[in-house]
Amino acid sequence: QVQLVESGGGLVQTGGSLRLSCAASGRTFSRYTMGWFRQAPGKEREFVAAISWSGTNTVYADSVKGRFTISRDNAKNTVYLQMNSLKPEDTAVYYCAGGTRLATMPVRYDYWGQGTQVTVSS
């Protein structure tokens, strides 16, 4: 029983930054691995980043390494995705998700938010 709500999306120019937030509620949130995925029109949902429940372990897609940072604050029941040096190809709807283990496949996650739009213009 976990509910997730994303926020922080918007329009930004190439090279700019955004920080996405995912507010969660649920009894076991602090023990959940959290991930970020994105999906552009006509494309499959794509893995972006994930973080273990403790925050010790993180995984990033090659396309965002060095530019994006995932973090969490369990006391606030919130997960963040700091996005720097944004590119037009980052344009997508971004979703946060909760699961029991670090994973890159959407099927490994049990809970999903409704998404927030990120648009990067040139």
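See the structure shown above.
Since this is a predicted model, take the numbers as computed values, not measurements. (Residues numbered from 1 in each chain as written. Predicted model: local features only at pLDDT ≥ 70, side-chain atom pairs only at ≥ 80, totals over all residues. Heavy atoms only, no water.)

*Asks:* Would you mind showing me how to read the packing of aromatic side chains here?
*Replies:* Centre-to-centre distance and the angle between the planes together describe a pair of aromatic rings. On inspection of all chains with the given rule, the structure shows five aromatic pairs. Of the aromatic side chains, those joined through ring pairs into one cluster are Phe-37, Phe-47, Tyr-109 and Trp-112. Note that Arg-31 overlies the ring of Trp-53, its terminal NZ or CZ placed 4.1 Å from the centroid. Lying over the aromatic face of Trp-112, Arg-45 brings its terminal NZ or CZ to 4.9 Å of the ring centre. (Phe/Tyr/Trp six-rings, centres within 6.5 Å; stacked < 30°, edge-to-face > 60°. Lys NZ or Arg CZ within 6 Å of the ring centre and 35° of its normal.)

*Asks:* Just to check I follow, could you spell out the sheet that holds strand E3 (residues 18–25) for this structure?
*Replies:* Either a parallel or an antiparallel arrangement is found when strands of a sheet pair, and the pairing is made through backbone hydrogen bonds. Taken in spatial order, the four strands line up as E1-E3-E8-E7 in an open sheet, and their pairing is antiparallel. The sheet is open, and its two borders are formed by strand E1 (3–7) and strand E7 (68–73), each paired with just one other strand. Strand-to-strand twist in this sheet, taken as the mean axis angle between neighbours without regard to direction, amounts to 15°. Where E3 meets strand E8 (residues 78–83), six bridges bridge the pair, whose relative direction is antiparallel. Its bridge partner being in E8, Arg-19 is matched across the sheet by Gln-82. (Pairing = 2+ DSSP bridges. Helix = DSSP H or I, 4+ residues; strand = E, 2+ residues; numbered from the N terminus. Axes fitted to C-alpha atoms, helices over the stretch in contact; angles between N-to-C directions.)

*Asks:* In this structure, what is going on with the nonpolar core? I would like to understand it.
*Replies:* What tends to happen in soluble globular proteins is that the nonpolar side chains get buried as a cluster. Among the nonpolar cores identified, the biggest contains 34 residues, and Trp-36, Val-48, Phe-68, Ile-70, Leu-81, Met-83 and Tyr-94 are the most heavily contacted of them. Contributions of two or more residues to this core are made by E3, strand E4 (33–39), strand E5 (46–51), E7, E8, strand E9 (92–99) and strand E11 (116–121). Residue contributions to this core peak at five residues, all from E5. What Val-48 contacts, discounting residues up to four positions off in sequence, is Trp-36, Phe-37, Arg-38, Val-59, Tyr-60, Ala-61, Val-64, Phe-68, Leu-81 and Tyr-94. (Core = buried A, V, L, I, M, F, W, Y, C linked by side-chain atoms within 4.5 Å. Buried < 20%, exposed > 50% of the residue type's maximum accessible area, 1.4 Å probe, protein only. Contact = heavy atoms within 4.5 Å.)

*Asks:* What am I meant to see in the pattern of salt bridges here?
*Replies:* Between side chains of opposite charge, a pair can form as their charged atoms come close. Evaluation of the coordinates by the stated rule reveals four salt bridges. Between Asp-62 and Lys-65 there is a salt bridge, and its shortest N-O distance comes to 3.1 Å. Since its relative accessible area comes to 66%, Asp-62 is described here as exposed. Counted as one network, the salt bridges with shared partners bring together Arg-38, Glu-46, Arg-67 and Asp-90. (Salt bridge = Lys/Arg side-chain N within 4 Å of Asp/Glu carboxyl O.)

*Asks:* What's the story with the side chain of Thr-116 in this structure? I'm lost.
*Replies:* Looking at the element boundaries, Thr-116 is found in strand E11. From its side chain, Thr-116 meets the backbone nitrogen of Gly-9 in a polar contact 3.2 Å long. The contacts of Thr-116, once residues within four sequence positions are left out, are Glu-6, Ser-7, Gly-8, Gly-9, Leu-20, Ala-92, Val-93 and Tyr-94. (Polar contact = N/O pair within 3.5 Å; in protein donor to acceptor, adjacent residues only side chain to side chain.)

*Asks:* What is the right way to read the environment of Asn-74 from this model?
*Replies:* Mapping Asn-74 onto the fold places it in the loop between E7 and E8. Linking Asn-74 and Trp-53, residues 21 residues apart in sequence, is a C-alpha distance of 8.3 Å. At a separation of 3.0 Å, a polar atom in the side chain of Asn-74 contacts the main-chain carbonyl oxygen of Trp-53.

*Asks:* Is there a simple way to think about the state of the cysteines in this case?
*Replies:* In a disulfide, the sulfur atoms of two cysteines are held together by a covalent bond. Counting across every chain of the model gives one disulfide. The side chain of Cys-22 participates in a disulfide bridge whose partner is Cys-96; the two sulfur atoms lie 2.0 Å from each other. Here the S-S torsion is close to 55°, and the disulfide linking Cys-22 with Cys-96 is therefore right-handed. Of the two residues, Cys-22 sits in strand E3 while Cys-96 sits in strand E9, which places them 74 residues apart along the sequence. With a relative accessible area of 0%, Cys-22 lands in the buried category. (Disulfide = S-S within 2.5 Å.)

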